[in-house]
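# Coordinates in review
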Amino acid sequence: MYQAIRPYQPHLCDALEGDVRSGEFPQAVLFCGPRYSLKMTTALETVRLLSCQKDGADDCLCPACRANRLLEGNNLVVLSQRDQASILRTYVGVYRRLRTLTSREQLVKATRIALLGYHGALLKTASSSQKPAFAAAGALNDLLLTLKTADEDDEKGAQKFEKAYLEALKKLESVERKDTTLSIDQVRAIDDWAHQTTAGGQRQFVILEGVEEANVSARNSLLKILEEPPQGVYFILVSTHPERLLSTILSRVRKYRFSPLDGVSVKRLLASSYPERPYASFEEFFLAGSGSDAAALKEWASRLASLSLHDGVLESGETTLLSGVCTSQSALEFFLQSLLDIFERDFLDGRIPLAKARRLSRIVSSLESAAVLYNQDRRLLIQNLCLKLWEEGNA
């Protein structure tokens, strides 16, 4: 069990395997740890194992395992709060370039993770303004079917597919919900779906990523479900910031903590996807794949950090330039995390006291959280960030 994940999270896999084999796996669990530490990958593999009709072998070919490997079943809802657009643009580019079975399967799986946020169970509570997104998601899913007969030697065909895929993705982005947090309507729809009787006693699964960013109403509604989950329904919460979760939610889940991946592990995992160039992190890999420059983002973070420590501030034209570099939610998050890393390093190297490092980090973290919660305009966020860091420097 967990053969592909075990080299990177051995102790965690031992704990999970023991709980799965015991036949008493909890109905509500929390996978928490740093970004890109294989939390979602492990969550999906756990769904496969709990659905397996045999012994859960890594190479099992039972109908449930075949369906789960490419997410073709109907017993799973995934609401992911990550920047899916950057991931999907990266993987369609990888497929167009390599045209291998692995790159094809990566693209299909990544796309279906995103599209499971448009599961039919959620359509009931979707507003009239949200329903076009479900239609656009269906069109993108239909496009994946053409990959089953794709010729690996057909370079022009792959280019044509990439163009059609990006057009369909752009259409979805233009009509999807603009906020990225879990809504109370979605929680209620999941609750209705979870209480439905499934044919043949099939287990049902809900993976919720980024629950800590949900509003109070959605969190309280989710808490009621977790207090007494319907029989045969499993909830896997995936979180990068578990400290932001309600204590009442934390008390109702079994926690599995993931360790950060080192550079060697990242390069090993990416080798089959992007052999031409090694990357130090998944963030840099996805940024490059979606057209962002990680090095430039780090340089801007270094400049802003330096100014904030010397009572300086970016000029108006510079904030415009920085906004242009932060071309996506992933790019913005990478920039803010780079800023936090610099403040931590400055404290460890003795350049700033602990109290100041905490205040600076709190400013960045609070604005990052607000950006996710309210889908704040990136340029406005950067302007607010510069102003607050300047105020802190002059306090």
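First, a word on what this report is: a plain description of the structure on this page.

Rules used in this analysis
- Residues numbered from 1 in each chain as written.
- Predicted model: local features only at pLDDT ≥ 70, side-chain atom pairs only at ≥ 80, totals over all residues.
- Heavy atoms only, no water.
- Buried < 20%, exposed > 50% of the residue type's maximum accessible area, 1.4 Å probe, protein only.
- Helix = DSSP H or I, 4+ residues; strand = E, 2+ residues; numbered from the N terminus.
- Pairing = 2+ DSSP bridges.
- Right-handed = clockwise from strand over helix to strand, strands pointing away.
- Disulfide = S-S within 2.5 Å.
- Polar contact = N/O pair within 3.5 Å; in protein donor to acceptor, adjacent residues only side chain to side chain.
- Contact = heavy atoms within 4.5 Å.

Among the six residues in strand 3 (residues 204-209), six count as buried, and that is most of the element. A two-sided burial pattern is seen for strand 3, the buried positions comprising Q204, V206 and L208 on one face and F205, I207 and E209 on the other. Of the pairings in the sheet, the one linking strand 3 to strand 4 (residues 233-239) comprises six bridges and is parallel in character. Bridge pairing in strand 4 places E209 opposite V238. Note on the crossover from strand 3 through helix 10 (residues 216-227) to strand 4: the handedness is right-handed.

Turning to the state of the cysteines, a few remarks are in order. Inspection of every chain in the model, using the stated rule, returns zero disulfides. Considering cysteine sulfurs only, C32 is the nearest to C13, which forms no disulfide, with 15 Å between them. Exposure remark for C13: the relative accessible area of 0% places this residue in the buried category. Free cysteine: C60, not disulfide-bonded; nearest cysteine sulfur from C62 at 3.6 Å. Overall, the relative accessible area of 5% leaves C60 in the buried class.

Mapping S80 onto the fold places it in the loop between strand 2 (76-79) and helix 4 (84-98). With relative accessibility at 17%, the residue S80 sits in the buried group. Polar side-chain contacts of S80 include one of 3.0 Å to the side chain of Q84. For S80, the side chain forms a polar contact with the side chain of E209, separated by 2.3 Å.

Along the chain, the position of R203 falls in the loop between helix 9 (184-194) and strand 3. For the pair R203 and N75, spaced 128 residues apart in the sequence, the C-alpha separation amounts to 6.9 Å. Apart from residues lying up to four places away in sequence, R203 is in contact with L50, N75, G232 and Y234.

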